[in-house]
Amino acid sequence: MPRIIVLGIESTSHTFGVGIVEYVDGDVRIIANEKDVYRPVKGGIHPREAALHHVNTSYIVLRRALDRAGVSIRDVNAVAVSLGPGLGPCLRVGASLARFLSSYYGKPLIPVNHAVAHVEIGKFLYKFDDPLVIYVSGGNTLIAIQRRGRYRILGETLDLPLGNLLDTFTRETGLAPPYVVDGKHAIDMCAEKGSKFIPLPYTVKGSDLSFSGLLTHALRRARELREGEGLGDICLSLRETAFNMLVEVAERSLVLTGKKQVLLVGGVAANKVLSRKLSVMASMHGAVYAGTPPEYAGDNGAMIAYTGLLGFLHGLTVEPEKAYVRQRWRIDEVDLPWLRG
Amino acid sequence: MVEGLKPVYEGAEAYIYYADVFGRRFIVKHRISKPYRHPLFDKMFRYNRTRIEAKILSELYLSGVRVPAPIMVDLDSYIIVMEYIDGVKLLKVIEGLDDDKLCRYAEDIGRYTGRMHKLHIYHGDLTLGNILVTDRDEVYIIDFGLAGYSMDVEEYAIDIHLLRRSLNAIAPEKINIFMNCFWKGYSGEVPSKMLKDVRERVREIALRGRYVSERLRRKYLRDRYVE
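Trainee: How would you summarise the sheet that holds strand 9 (residues 139-141) of chain B if you had to cite specific residues and measurements?
Mentor: All names here are of chain B. Taken in spatial order, the 3 strands make up an open sheet running 6-8-9, and their pairing is antiparallel. Only two strands of the sheet have a single partner each, and these edge strands are strand 6 (87-89) and strand 9. Between one strand axis and the next, the sheet turns by 35 degrees as a mean value, whatever way the strands run. Across 3 bridges, strand 8 (residues 131-134) lies against strand 9 in antiparallel orientation. Bridge pairing links Ile131 to Ile141 in strand 9. Lying over the sheet, helix 3 (residues 99-118) contacts strand 8 and strand 9, oriented at roughly 40 degrees with respect to strand 9.

Structure (structure tokens):
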């Protein structure tokens, strides 16, 4: 088998990333993973501002990735792009660049679902073949397993994603932005000052979660602090409640499916407190646990390139003129040939 | 009561033990402490869930829904003792079932679920792993750890939504036949107004997840979703 090089472009949300993977004789290596992240000065992600950021940095990030990998765009065998789910204006930046590279240089274009890519890169890093997947980020909170050529969702949030809950709470209480400093979320820094546990709404419906009532209640308690309570106590209780909800449904799904591997992926995978709770839970059921390392937990181009490679090896390509972005492309809508059999 | 014993089954939140007394077998369900939970939280949780589960089990048992009969409860140790059901999880056998048998099971499940909902009780975790079938083709619903009382149609619809999703994960090709038979059993138990409300809400919930493209179009397509 000759050398195959796939370049992957990620631009679903605040991150513009380009990754390059190399495939030689069945061996896969990540040879570049460059990114530039849009950081709002105040408030949350403004889709237009984020898209402008991507436009302004895309060619720089692309150049950096090619240099790091030591390859020219002509050496690349295929271009993969994350077509959704995500923010429309941001997605279009990556899609335009990918369509251009594909048609101008005559490279096959491979459509990649962003959520699938998060899972696949985690499986690749830890050599997992059939894990219970917990995907938690600013835009997603779901638990899935692979079955019959697709990822099937066992449980998910009915309203807010977990990352969004933490971001919104810290933003509304003036703790953020910045949301993450030195790999630590604002909620964790705040929770370190807390010591009391305050009961907050805990909403688990089977293996589904609902965080909206929790957010509303926590914000009210933060505004009207009672005697002897600090914001730290609210942060601690909010985090404990939300994480315990997630761990509980993960545990339920693990027992239901009897999987022997537990994989945490997505931006919130970088959270050490959550990772520790899940690791304890998995070991109680004799399962191996892995949480994606920060470099590959947050959005990145390498995961798109790697998933693109899997697609390329299975002949999944799309004509550039048909490579539309899909803002609401669910993980369980994607047929994945490598999961069959 | 259970110290030193070896559980026969380690569930997500409780351990299950067998107790053999005078030749009859009983189930002892002990809610365990979790190291990943805040200690205060942990106690509150186990107490409340044990109490509600015991209460609901007895009410359903007396109403003729096939559930394990509760024998005794010890709230201070978070323990419920109940009848032992000699059956297998539907989860394990569903793939090998022929359509007739699957339909009969589904209809029974629908009937029990309907009766339960009519009593304003929701199960909270109605999946294929929480349904047992016996040699005599009886269907039992087990594990009421997440169950509760509610007048809200939302909770009833969530039960059915969870059952559907569990089918989708385990045996996606059997969804249609299963759900048709389920609704047949269910509609025999609940008043028609309630049936209509629940069915409508089940459809709505399925469209509520993140990134459901149908959600955008559902206003225009609603008629097409009516089975």
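Trainee: Mind laying out the domain arrangement of chain A, listing which residues take part and the relevant values?
Mentor: Residue and element names in this part refer to chain A. Each assigned domain of chain A is listed with its residue range as follows: domain 1 (4-119 + 297-339) and domain 2 (130-294). With centres defined by C-alpha atoms, the gap from domain 1 to domain 2 works out at 27 Å. Contacts between the two partners involve 19 residues from domain 1, matched on the other side by 24 residues from domain 2. With 4 residues, the top contributor of residues to the side of domain 1 that touches domain 2 is helix 3 (residues 114-126). Classifying every residue of the side of domain 1 that touches domain 2 gives 10 nonpolar, 4 polar and 5 charged.

Trainee: How would you sum up the domain arrangement of chain B? Please name residues and give values.
Mentor: Residues and elements named next belong to chain B. Looking at chain B, the domain boundaries give domain 1 (9-83) and domain 2 (87-225). The gap between the C-alpha centroids of domain 1 and domain 2 is 24 Å. Taken together, the contact pairs 14 residues of domain 1 with 14 residues of domain 2. Looking at the side of domain 1 that touches domain 2, the element that brings in the most residues is helix 1 (residues 39-62), giving 7 residues.

The rules behind the values
- Residues numbered from 1 in each chain as written.
- Chains lettered and ligands numbered in written order.
- Predicted model: local features only at pLDDT ≥ 70, side-chain atom pairs only at ≥ 80, totals over all residues.
- Pairing = 2+ DSSP bridges.
- Helix = DSSP H or I, 4+ residues; strand = E, 2+ residues; numbered from the N terminus.
- Axes fitted to C-alpha atoms, helices over the stretch in contact; angles between N-to-C directions.
- Contact = placed C-beta atoms within 7 Å.
- Domains from an automatic or database assignment.
- Nonpolar A, V, L, I, M, F, W, Y, C, P; charged D, E, K, R; others polar.

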